[in-house]
Amino acid sequence: MIHAACCHLKTIKSDPRISKPLQNWMFCVLHVKKMIAVLVLFIMKPGSVSADWSVTFENPNPCAVKGSSVEFRCSYNYPDREIARKIAWYKGQFIDGDWKRIALSDIPSYQNRSEYLGDLQHNCSLEIQDLQDDDAGYYYFRFDTDKYGRRSKESVYLTVTELKARVNPKRVRAGDTVTLECGASCPLSTTVWFKDGHPVSKPNFTAQAEDAGNYFCAVEGQESVQSDPVTLDVQYSPLNVSVEVSHAGLLTVGSSVNLTCSSAANPAADSYTWYRSTGSSSVLQVGSGQVLCLPSVDLSHSGLYICQSRNRLGENNSTQVLLTVTETDIYRLILLVGIGVKVVFLLLLPLFIIQAWRRWRNSTADTESHDYENV
């Protein structure tokens, strides 16, 4: 076939009936046919050098978070009669204006961070740990057999990114909807969220007071590498309003007592109002401020006290606290009576002892006198 094409070319050039432009055109056509014929014969030839050689990258454009690890999944093939003897991974770099492939083993920053996961069969996977910004770029694979050395024509392009957590909106009122977003410069696998170190089940939720705190995200399976935290501020009216009494139990006329009001609120409560409920249904305002001071109570101070805590978002009341004022300090009276009883007992005890001793002595004397009379 090739011989016939060559003879035909000579005939065209020697034929005076064919114009020069036409000769050139026919020459190009026949030359292309000749090249196609040679290529077909080369491909069909048994044992062709390039027919069974290949390097395949399963994830040619991986994206990973700075500080995490990444795996280049790779496979390579060669004719059965060949045996792989040597493998190496390279990184493309510009050196003095020229693009060169540098073996990872010759780059100090990859020492103890890159690990070949493959073998000398068909697996050429590579793992790089503790990724840094400088690790981004093009990577190539090469393997050598007994006769040939082959390197990948294609490359793996690694993108190193950082996680950026966002809370939308950053400040909400209790009952508003919050959305958590974990962004990066390239697509990532599933991300997970944490609040103050505890897992968050959903990235969308209705905010409550306990949802306020610091949030950060991470890639699932690589939770040790986290984004910078972002803060969610949840504002709400006063909750859990309570009253603390400085004096427990009954109060006597003239004594003092302080009632302190506290609550959880964001923003903090800026107003406190005190009310006293008497036996009737009426409620009387008796003071303001976080602490209600009663320096000298009388019987009229007895009743149920309530604290109302307020901020710009709303207000809430405490439970009722009972104050009871009496004219006599029962506890002090009981204490005095007890002391008096002890004093009286201690004073009378020696008298009882002396009296008992005298009776015993008199009884002994009477017995002796009776004995003498009988003699």
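Everything discussed here concerns the structure shown above.
Residues numbered from 1 in each chain as written. Predicted model: local features only at pLDDT ≥ 70, side-chain atom pairs only at ≥ 80, totals over all residues. Heavy atoms only, no water.

A. Broad picture of the packing of aromatic side chains. Considering all chains together, one arrives at 17 aromatic pairs under this definition. When the centroid spacing of 5.8 Å and the interplanar angle of 40° are considered together, the rings of F57 and W89 count as tilted. In this pair, F57 is assigned in strand β1 (residues 54-57) and W89 in strand β5 (residues 84-95), connecting sequence segments 32 residues apart. Taking relative accessible area as the criterion, W89 reaches 5% and is therefore assigned buried. Each residue in the set W53, F57, F72, Y76, Y78, W89, Y110, Y139, F141, F143 and Y148 is aromatic and connected to the rest through ring pairs, giving one cluster. The lysine or arginine in question, R101, covers the ring of Y140, its NZ or CZ lying 3.7 Å from the ring centre. When the ring centre of W53 is taken as origin, the NZ or CZ atom of R150, which lies over that ring, is 4.8 Å away. (Phe/Tyr/Trp six-rings, centres within 6.5 Å; stacked < 30°, edge-to-face > 60°. Helix = DSSP H or I, 4+ residues; strand = E, 2+ residues; numbered from the N terminus. Buried < 20%, exposed > 50% of the residue type's maximum accessible area, 1.4 Å probe, protein only. Lys NZ or Arg CZ within 6 Å of the ring centre and 35° of its normal.)

B. Representation of the sheet that holds strand β17 (residues 204-206). Here we have three strands laid out as an open sheet, ordered β12-β14-β17, and antiparallel in their pairing. Of all strands in the sheet, those bounded by a partner on one side alone are β12 (164-168) and β17. Pairs of neighbouring strands in the sheet enclose a mean axial angle of 20°, with direction left out of account. One ladder, built from three bridges, connects strand β14 (residues 177-183) with β17; its direction is antiparallel. (Pairing = 2+ DSSP bridges. Axes fitted to C-alpha atoms, helices over the stretch in contact; angles between N-to-C directions.)

C. Expanded view of the sheet that holds strand β7 (residues 114-116). Pairing in this open sheet of three strands is antiparallel, and the strands run β3-β8-β7 from one edge to the other. Edge positions in the sheet fall to β3 (70-72) and β7, since each of these pairs with one other strand and no more. Within this sheet the neighbouring strands show an average axis-to-axis angle of 20°, counted without direction. The sheet contact formed by β7 and strand β8 (residues 126-128) spans three bridges and is antiparallel. Within β8, the residue paired with S114 across the bridge is I128.

D. Quick look at the pattern of salt bridges. Throughout the structure, instances matching the rule amount to nine salt bridges. Here R113 and D135 are joined by a salt bridge, their closest N and O atoms 2.9 Å apart. Here R113, found in the loop between β6 (98-103) and β7, pairs with D135, found in the loop between β8 and β9 (137-145); they are 22 residues apart in sequence, far enough to count as distant. Each member of the pair, R113 as well as D135, carries the same accessibility label: buried. (Salt bridge = Lys/Arg side-chain N within 4 Å of Asp/Glu carboxyl O.)

E. Up close: the nonpolar core. Judged by nonpolar contacts, the single largest core of 24 residues is most densely connected at F72, W89, I128, Y139 and F141. For this core, the secondary structure elements donating two or more residues are β3, β4 (74-77), β5, β8, β9 and β11 (156-161). Once residues lying within four places of it in the same chain are set aside, the contact partners of Y139 are F72, W89, Y90, K91, L104, Y110, I128, S155, V156 and L158. Counting residues in each nonpolar core, the second largest holds 18 residues, with A207, Y215, C217 and V225 among its members. (Core = buried A, V, L, I, M, F, W, Y, C linked by side-chain atoms within 4.5 Å. Contact = heavy atoms within 4.5 Å.)

Purely geometric stuff here, so don't read any function into it on its own.
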